[in-house]
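A closer look at the structure
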Amino acid sequence: MKNDSGNDLKQDVDTDKSEILKIPGLPRPYYQDEHVTLYHGDCRELLPLMPRVDLVLTDPPYGIGEAAGANKSRNKLAVAKDYGVSDWDNKPIEQGLIDSLIKSPAIIFGGNYYAMPASSCWLVWDKHITGDFADCELAWTNLPGAVRRLSYVWNGMIKQRPEQRWHPTQKPLDVMKWCIDQADTKLKKRVETILDPFAGSGTTLRAAKDMNRKCIGIEREEKYCEIAANRMRQEVLGL
């Protein structure tokens, strides 16, 4: 797989910039810069090798078939984008994997699809959406404090800010930045290291990079690794 300059994506790594390359057993990153390290692989195999992080921020599969083209039958405002057909959302991930992720401070989108511990601090994203999509998305957290809500329009072609979509369950960049801000506030410290084991098209990674944080991503679909890597090469956006 080649990047925009014609070079091998898997060689797009500066081995002097990250201590993570020194951890035995980890494969060579698919992409790496001074803020982001992205692995192409199965998180079930790589998570036991990961270093401790300040925050797990992720949006795992819910098991509701969104990768199988479910978006095409919903909103009639415009022709639905064709993301292709895949099986990664045919079933939820193993509960044991979720349980391992929440040993760290964590924000888990779709926590309402899993058996999560009681939480006082759900994060609610109000999408102002039409069709049969959910009005809001819920992120479970183990952070202290009360429920918080963000109103941010994400309704097919109608978006609060222009943003290209590459993935059927992609979250807006500003929503993921809001989640990081919430973690800072709730934990009463700046979150410096973030892990997203279901990186998709790289929105968590991009948010972390824009906010000058370190982030590790894992993604099993190579086409999304390529998209995420290309997003990381863009200049950091102003905060």
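Quick caveat, the model's predicted, so the values are computed rather than measured.

Rules used in this analysis
Residues numbered from 1 in each chain as written. Predicted model: local features only at pLDDT ≥ 70, side-chain atom pairs only at ≥ 80, totals over all residues. Heavy atoms only, no water. Buried < 20%, exposed > 50% of the residue type's maximum accessible area, 1.4 Å probe, protein only. Helix = DSSP H or I, 4+ residues; strand = E, 2+ residues; numbered from the N terminus. Pairing = 2+ DSSP bridges. Core = buried A, V, L, I, M, F, W, Y, C linked by side-chain atoms within 4.5 Å. Axes fitted to C-alpha atoms, helices over the stretch in contact; angles between N-to-C directions. Left-handed = near helix turned anticlockwise from the far one by under 90°. Contact = heavy atoms within 4.5 Å. Nonpolar A, V, L, I, M, F, W, Y, C, P; charged D, E, K, R; others polar. pLDDT = per-residue confidence, 0-100. Salt bridge = Lys/Arg side-chain N within 4 Å of Asp/Glu carboxyl O.

The next point concerns the pairing of strand E4 (residues 106–109). The side-chain alternation of E4 yields two buried faces, one formed by Ala106 and Ile108 and the other by Ile107 and Phe109. Judged from the 3 bridges that link them, strand E3 (residues 55–58) and E4 form a sheet pairing that is parallel. Paired with Val56 across the strands is Ala106, a residue of E4.

Another point: the pairing of strand E2 (residues 36–40). Taken across its 5 residues, E2 has 4 buried, putting it largely inside the fold. In this structure, strand E1 (residues 31–32) lies alongside E2, joined through 2 bridges in antiparallel fashion. Across the sheet, the residue bridging to Gln32 is Thr37, located in E2. In the sheet, E2 pairs with strand E11 (residues 214–219) via 5 bridges, with the strands oriented parallel.

Before going further, it helps to examine the nonpolar core. Leu38, Leu57, Ile107 and Ile194 are the most contacted members of the largest nonpolar core, which totals 36 residues. In terms of residues, this core owes the most to one element, helix H3 (residues 173–187), which gives 7 residues.

For the rest of this paragraph, the subject is unusual backbone geometry. Outside of glycine, negative phi angles account for most residues, and trans bonds account for most peptide bonds. One non-glycine residue, His128, lies in the positive phi region at around 50 degrees. For His128, the location among the structural elements is in the loop between strand E5 (123–126) and strand E6 (136–141). Taking relative accessible area as the criterion, His128 reaches 39% and is therefore assigned partly exposed.

Further remarks concern the packing of H3 against helix H4 (residues 203–210). Following both chains from N to C, one finds H3 and H4 inclined at 60 degrees, their axes separated by 9 Å at the closest point. For the pair H3 and H4, the crossing hand works out as right-handed. Here Leu173, Met176, Lys177 and Ile180 of H3 come into contact with H4, specifically with Thr203, Thr204, Arg206, Ala207, Ala208 and Asp210. Taken together, the residues of the contact of H3 with H4 break down into 5 nonpolar, 2 polar and 3 charged.

The strands that make up a sheet are held in pairs by hydrogen bonds between backbone atoms, and each pair lies either parallel or antiparallel. Taken together, the 9 strands give an open sheet; going across it, the order is E1-E2-E11-E10-E3-E4-E6-E5-E7, and neighbouring strands pair in mixed fashion. Edge positions in the sheet fall to E1 and strand E7 (148–151), since each of these pairs with one other strand and no more. Here 2 bridges tie E3 to strand E10 (residues 193–196), and the two strands are oriented parallel to one another. Residue Val56 lies in a different strand from E10, and its bridge partner there is Leu195. This element, H3, spans E3, E4, E5, E7 and E10 of the sheet and lies at about 155 degrees to E7. Its contacts with the sheet put helix H5 (residues 222–232) on E1, E2 and E11, and the angle it makes with E2 is roughly 165 degrees.

Below, the discussion takes up the confidence of the model for the chain. Of all residues in the chain, 77% attain a pLDDT of 70 or more, and the chain-wide mean is 83. Below pLDDT 50 for its whole length, residues 1–18 participates in 38 contacts with residues either more than four positions away or in separate chains.

Attention now moves to the environment of Ile108. Considering the arrangement of structural elements, one finds Ile108 in strand E4. Residues Ile108 and Pro60, 48 residues apart in the sequence, show an inter-C-alpha distance of 7.5 Å.

This structure, assessed with the given rule, holds 12 salt bridges. For Asp33, the salt bridge is made with Lys209, and the minimal N-O distance between the two is 2.6 Å. Taken together, the positions of Asp33 in the loop between E1 and E2 and Lys209 in helix H4 put the pair 176 residues apart, joining distant regions of the chain. Since its relative accessible area comes to 10%, Asp33 is described here as buried. Accessibility expressed as a relative area gives 10% for Lys209, which makes it buried. Between Glu137 and Lys127 there is a salt bridge whose closest N-O contact spans 3.1 Å.

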